Amino acid sequence: MTALETAVDTLLEHADDGPVAFDGIRLESDGEETYTLSTPTIERDGLEAAVLRDVLTGLDDLEPYVRNWYHWQVRTGGEGTARRAFLRWCEHAPRSTDETQGAEPGDESLTPPERDAALETGIDREWGQLAITARFLDNDDPNGERVYDCWHVDDADTALEELEVLDEPRDARKIATTDEDGRYRPLKTAPTLRSGWAFTGLSGQELVDTVGFIYPATIANWHREQRGNLDVDHWVDTAARQTGIYDVIDELPREALNWLAEACCVDSQCLRRREWEYDAGDDLEPAGGDGPFPCREPCSLVVAAARKWAILESETEKTYELELTTSEWNQLADLIDAVADGRVDDIREADVNDGANRYRARYLRAKRFDDGELDARERSE
Ligand code: SF4
């Protein structure tokens, strides 16, 4: 028996238990041992079981619908789960089986025939810094089964032979631990994922596990948001919950939360889209970002940084006097910008025009520091 015949027989069994309506195919028993079959291009009624079977196995136009139904309803299952929703997103399948909703808001969904054609070469999606390709397991003997490849977006044009090829989802945990320079990544959704690796031929579950190791909880939160039940914890709730050394973060001034969000949560620092605000109805000034997956509450990195800022913000402001040339004053801004934008390592030693150049900084320190501190006087009022 061919894979298509197996799928058709299973579909007929399901139709006997009740109407089947999925991704554009509709099959219904009319109770008199005949069936009604429809797709966007085919409408047949009064079909006896044997005739229906011949139609389903013989008409090329129907094959993508049958294979698609079998893949999702029998092989994949998991109706209503984040895993299934994510795998359908990977191939631009509609969010709901009535085909009225795209894979995500603003996204155009593909019909089963369109997906069939696209899966032969692969459908590409991006999830943060991950490039994901959904494709058929076997184009020569297609039965609708999908496999998935996953690698860094920066490696999209790199030959597979030049990458470390992996197939065990747990290996993704190691990839996510350190950045390109071997430094620990405390924030897994920071845009610092290292490249040079590729997972190939993953099953759907293996893909979901791999993504979970690299970007924990992103699929679950994305799915909750799609279903309209993302439970957002705003700053005031999170701060009020803290105990021990983090108890102090609720003392951080309201305006400081704007600076915190700008420092930590914008797209250049984190791929999650910040959905939490200061409080319900009291939004922070920086935009939440454009990432595909939402952030539902201040993370541990932000809470730890907030503790430091809460302590620093408790200090009284003072006025200092110090001597600087105009260029030296501008250089201070250059230095702060370079550190804040993570640009320091990119400034060439020979580029003394850049205020954050290492020699320029060392020169300023040699000239304006006294006993290891900036030579400045506190001005008394
Ligand atoms: S709180 Fe900010 S930095 Fe932390 S995960 Fe959410 S968006 Fe990213």
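Please refer to the structure higher up on the page.
Asker: A description of unusual backbone geometry should follow, citing residues and the corresponding values.
Answerer: The backbone of D23 sits at a positive phi, close to 45°, despite the residue not being glycine. Residue placement: D23 occurs in the loop between β1 (20-22) and β2 (25-29).

Asker: Give me the lowdown on the site of the ligand, citing residues and values where you can.
Answerer: Close to the ligand lie L187, C264, C265, C270, R272, W276, C295, E297, P298, C299 and V302, which account for all nearby residues. Using a 2 Å cut-off from the grid points, one finds that the ligand occupies the second largest pocket. When grouped by side-chain class, the residues that make up the shell around the ligand number 9 nonpolar, no polar and 2 charged.

Asker: Describe the pairing of strand β6 (residues 130-136), with residues and values.
Answerer: Within a regular beta strand, the side chains point alternately toward one face of the sheet and then the other, so they alternate between its two faces. Most of β6 is tucked away, with 6 of its 7 residues classed as buried. In this structure, strand β5 (residues 123-127) lies alongside β6, joined through 5 bridges in antiparallel fashion. Residue E126 lies in a different strand from β6, and its bridge partner there is A131. Hairpin remark: β5 followed by β6, antiparallel, with 2 residues in the connecting loop; positive phi at G128, about 65°. One ladder, built from 7 bridges, connects β6 with strand β7 (residues 146-152); its direction is antiparallel.

Asker: Please give an account of the sheet that holds strand β4 (residues 43-48) that cites residues and values.
Answerer: In spatial order, the strands read β1-β2-β3-β4; together these 4 strands make up an open sheet with antiparallel pairing. On the outer flanks of this sheet lie β1 and β4, each paired with one strand and no other. For this sheet, the mean angle separating the axes of adjacent strands, direction not counted, is 15°. Examined bridge by bridge, β2 and strand β3 (residues 34-38) share 4 bridges and lie antiparallel to one another. The residue bridging E28 from the neighbouring strand is T36, located in β3. Sitting on the sheet, helix α3 (residues 63-76) touches β1 and β2, and the angle it makes with β1 is about 90°.

Asker: Let's hear about the pairing of strand β9 (residues 197-202): which residues, and what values?
Answerer: Sheet analysis places β7 next to β9, joined by 3 bridges and oriented antiparallel. Considered in β9, the bridge of Y148 is made with L202. With 3 bridges joining them, strand β8 (residues 164-166) and β9 adopt parallel strand pairing. Within β9, the residue paired with E164 across the bridge is W197. Handedness of the crossover joining β8 and β9 through helix α6 (residues 171-177): right-handed.

Asker: Quick one: what's the story with the packing of helix α4 (residues 82-90) against helix α8 (residues 218-226), residue by residue and with numbers?
Answerer: Interhelical geometry of α4 versus α8 gives an angle of 85° and a closest axis separation of 9 Å. Considering the angle they form, α4 stands roughly perpendicular to α8. Two secondary-structure elements touch here, α4 through A82, A85, F86 and W89 and α8 through I219, A220, W222 and H223. Looking at the contact of α4 with α8 residue by residue, the classes come out as 7 nonpolar, 1 polar and no charged.

Asker: Explain empty space enclosed by the protein to me, and be specific about the residues and the numbers.
Answerer: By the definition in use, this model includes 1 cavity of 30 Å³ or more. The volume enclosed by the largest cavity comes to roughly 30 Å³. Around the largest cavity sit A3, L4, A7, R67, Y70, R75 and N143, which together line it. Listing elements by their share of the lining of the largest cavity, those giving two or more residues are α1 (3-17) and α3. Looking at side-chain class alone, the lining of the largest cavity contains 4 nonpolar, 1 polar and 2 charged residues.

Rules used throughout
- Residues numbered from 1 in each chain as written.
- Predicted model: local features only at pLDDT ≥ 70, side-chain atom pairs only at ≥ 80, totals over all residues.
- Heavy atoms only, no water.
- Helix = DSSP H or I, 4+ residues; strand = E, 2+ residues; numbered from the N terminus.
- Near = heavy atom within 4 Å.
- 1 Å grid on protein atoms, 1.4 Å probe; cavity = no way out; pocket = protein on both sides within 12 Å on 5 of 7 lines; lining within 4 Å.
- Sits in = over half its atoms within 2 Å of the grid points.
- Nonpolar A, V, L, I, M, F, W, Y, C, P; charged D, E, K, R; others polar.
- Buried < 20%, exposed > 50% of the residue type's maximum accessible area, 1.4 Å probe, protein only.
- Pairing = 2+ DSSP bridges.
- Axes fitted to C-alpha atoms, helices over the stretch in contact; angles between N-to-C directions.
- Contact = heavy atoms within 4.5 Å.
- Right-handed = clockwise from strand over helix to strand, strands pointing away.
- Parallel < 35°, antiparallel > 145°, perpendicular 65-115°, else oblique.
- Points joined across faces, edges and corners; volume = space filled by probe spheres on them.

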